[in-house]
Amino acid sequence: MMPALFLVILCFGVASGAPALDPSLDAEWQQWKIKYGKSYILVEEAQKRAVWEKNMKMIKMHNDENGLGKNSFTMEMNAFGDMTAEEYRKLITDIPVPAAMTVKSVKESLATEFPNFLDWRKKGYVTPVRNQGKCGSCWAFAATGAIEGQMFWRTGNLTPLSVQNLIDCSKPQGNNGCNNGTAYNAYKYVLDNKGLEAEATYPYEAKEGPCRYRPENSSAYIIDFVSIPANEDYLLVAVANIGPISAAVDASHESFRFYNGGIYYEPKCRSYSVNHAVLVVGYGSEGNETDGENYWMIKNSWGTEWGIDGYMKIAKDRNNHCAIASYAAYPDIF
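Residues numbered from 1 in each chain as written. Predicted model: local features only at pLDDT ≥ 70, side-chain atom pairs only at ≥ 80, totals over all residues. Heavy atoms only, no water.

Chemist: Even after reading the chapter, I still don't get the packing of aromatic side chains, so can you show me in this structure?
Modeler: Within a pair of aromatic rings, the relevant descriptors are the distance that separates the centres and the angle that separates the planes. This model, assessed by the stated rule, comprises 22 aromatic pairs. Note on Tyr125 and Phe152: the rings are 4.9 Å apart at their centroids and 65° apart in plane angle, and the pair reads as edge-to-face. With Tyr125 in the loop between β3 (118-119) and α4 (138-155) and Phe152 in helix α4, this residue pair connects regions lying 27 residues apart in the sequence. We classify Phe152 as buried; its relative accessible area is 18%. Taking 6.1 Å as the distance between ring centres and 85° as the angle between the ring planes, the aromatic pair formed by Tyr259 and Tyr264 counts as edge-to-face. Residue Tyr264 is classed as buried on the basis of its relative accessible area of 0%. (Phe/Tyr/Trp six-rings, centres within 6.5 Å; stacked < 30°, edge-to-face > 60°. Helix = DSSP H or I, 4+ residues; strand = E, 2+ residues; numbered from the N terminus. Buried < 20%, exposed > 50% of the residue type's maximum accessible area, 1.4 Å probe, protein only.)

Have a look at this one:
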């Protein structure tokens, strides 16, 4: 699982020679450092600048190719810009997709005909995008997002729920705080605990702490949870009928790290391993009815500076792209 938008200070050994830097990028480098609050000790700035320049040129090359119709999405420099690919990948933990973890079948009574476009944000089910910071808590953001939607369905009130409550208290269910976890285990905790606090009474700290849950402050509950079979058709049934659904994807690629807009399709994405949790909030298509490209709309927890104001359109109906349907689940409160 991966932290986002945070200050990274990593020391490099002093090289025998300073890297060659492109003076035409001086202004962009200074603006980027100010925007993301970056500062470095003198001996590392040249190394960090060299990494940033390499990433910047890779992004520009991708976008140039996108203009020629070779890609379906654009990329943009963001807070991860001074990290090498190896450093970035160390921040995320691969989780093998289980052969089966279904608690019960997706409800048979659900409708089988769906609208061509659906966005639960427009129906009031989705809280604003947040930033997980330096804590690997994406799994907790995905879980609270799904529960928030279900509680809105039941009560008509959209209440941001406590990610920190899950970070601090769900280790007995198998989660590991800021290191890794799954929405599935977070649902186990809420079910076992018979409640979850709101963000207002148990605010986010972006670090692990002792469990401070207070039953009198509980703002949400679930009575069961459902793991969806690893198939996009089942995911469609759930998203169309239930609301926002927690999921997980393979986010280990540079294209995901610097995604900016368009429909994300990465040929190297895996469908057998995931490393980052997200919330599926809808689906749709771009283009005409015969040649249109379908997508899932996913909510991330890296702040609004990433992607489409914190969201991504990821390819739909393309062989479970990036494992979008392989680790999907939702809470049941009815």
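The structure having been displayed, the exposition proceeds.
Chemist: Would you mind showing me how to read unusual backbone geometry here?
Modeler: Note: most residues except glycine have negative phi, and most peptide bonds are trans. Despite not being glycine, Lys194 shows a phi value in the positive range, around 65°. With respect to the helices, strands and loops of the structure, Lys194 is situated in the loop between α6 (183-193) and β4 (196-197). A relative accessible area of 66% means that Lys194 is categorised as exposed.

Chemist: Can you walk me through the packing of helix α1 (residues 26-36) against helix α2 (residues 42-67) in this structure?
Modeler: Pairs of packed helices are described in terms of their axes, by the angle between the two and the distance that separates them. Packing of α1 against α2 leaves a shortest axis separation of 11 Å and a crossing angle of 105°. With respect to each other, α1 and α2 are oriented roughly perpendicular. Side by side, α1 and α2 meet where Asp26, Glu28, Trp29, Trp32 and Lys33 of the first sit next to Glu45, Lys48, Arg49, Trp52, Met56 and Lys60 of the second. Counted by class, the contact of α1 with α2 contains 4 nonpolar, no polar and 7 charged residues. (Axes fitted to C-alpha atoms, helices over the stretch in contact; angles between N-to-C directions. Parallel < 35°, antiparallel > 145°, perpendicular 65-115°, else oblique. Contact = heavy atoms within 4.5 Å. Nonpolar A, V, L, I, M, F, W, Y, C, P; charged D, E, K, R; others polar.)

Chemist: Whenever I open this one, the state of the cysteines confuses me. Can you help?
Modeler: What makes a disulfide is a covalent bond joining the sulfur atoms belonging to two cysteines. By the definition in use, this model includes 3 disulfides. Numbered in order of appearance, the disulfide-bonded cysteines of the chain are paired 1-3, 2-4, 5-6. Here Cys138 is not disulfide-linked; the sulfur of Cys135 is the nearest cysteine sulfur, at 9.1 Å. Judged by its relative accessible area of 0%, Cys138 falls in the buried class. (Disulfide = S-S within 2.5 Å.)

Chemist: Looking at this structure, I do not really get the environment of Lys313. What am I missing?
Modeler: In this fold, Lys313 is placed in strand β12 (residues 311-315). Separated by 19 residues in sequence, Lys313 and Asn294 have C-alpha atoms that sit 8.9 Å apart. With sequence-adjacent residues up to four places away left out, Lys313 is seen in contact with Tyr259, Gly262, Ile263, Tyr264, Glu286, Tyr295, Trp296, Met297 and Ile308.

Chemist: Mind showing me how you'd approach the pairing of strand β13 (residues 329-332) here?
Modeler: Successive residues of a regular strand alternate their side chains across the two faces of the sheet. Alternating residues of β13 divide into Ala329 and Pro331 and Tyr330 and Asp332, and every residue in both groups is buried. Where strand β6 (residues 224-227) lies against β13, 4 bridges are found, and the strand directions are antiparallel. Along β13, the bridge assignment pairs Val226 with Tyr330. (Pairing = 2+ DSSP bridges.)

Chemist: How should I be thinking about the environment of Tyr264 in this particular structure?
Modeler: Relative to the elements of secondary structure, Tyr264 occurs in strand β8 (residues 259-264). Distance in space between the C-alpha atoms of Tyr264 and Lys316 is 9.5 Å, their sequence separation being 52 residues.

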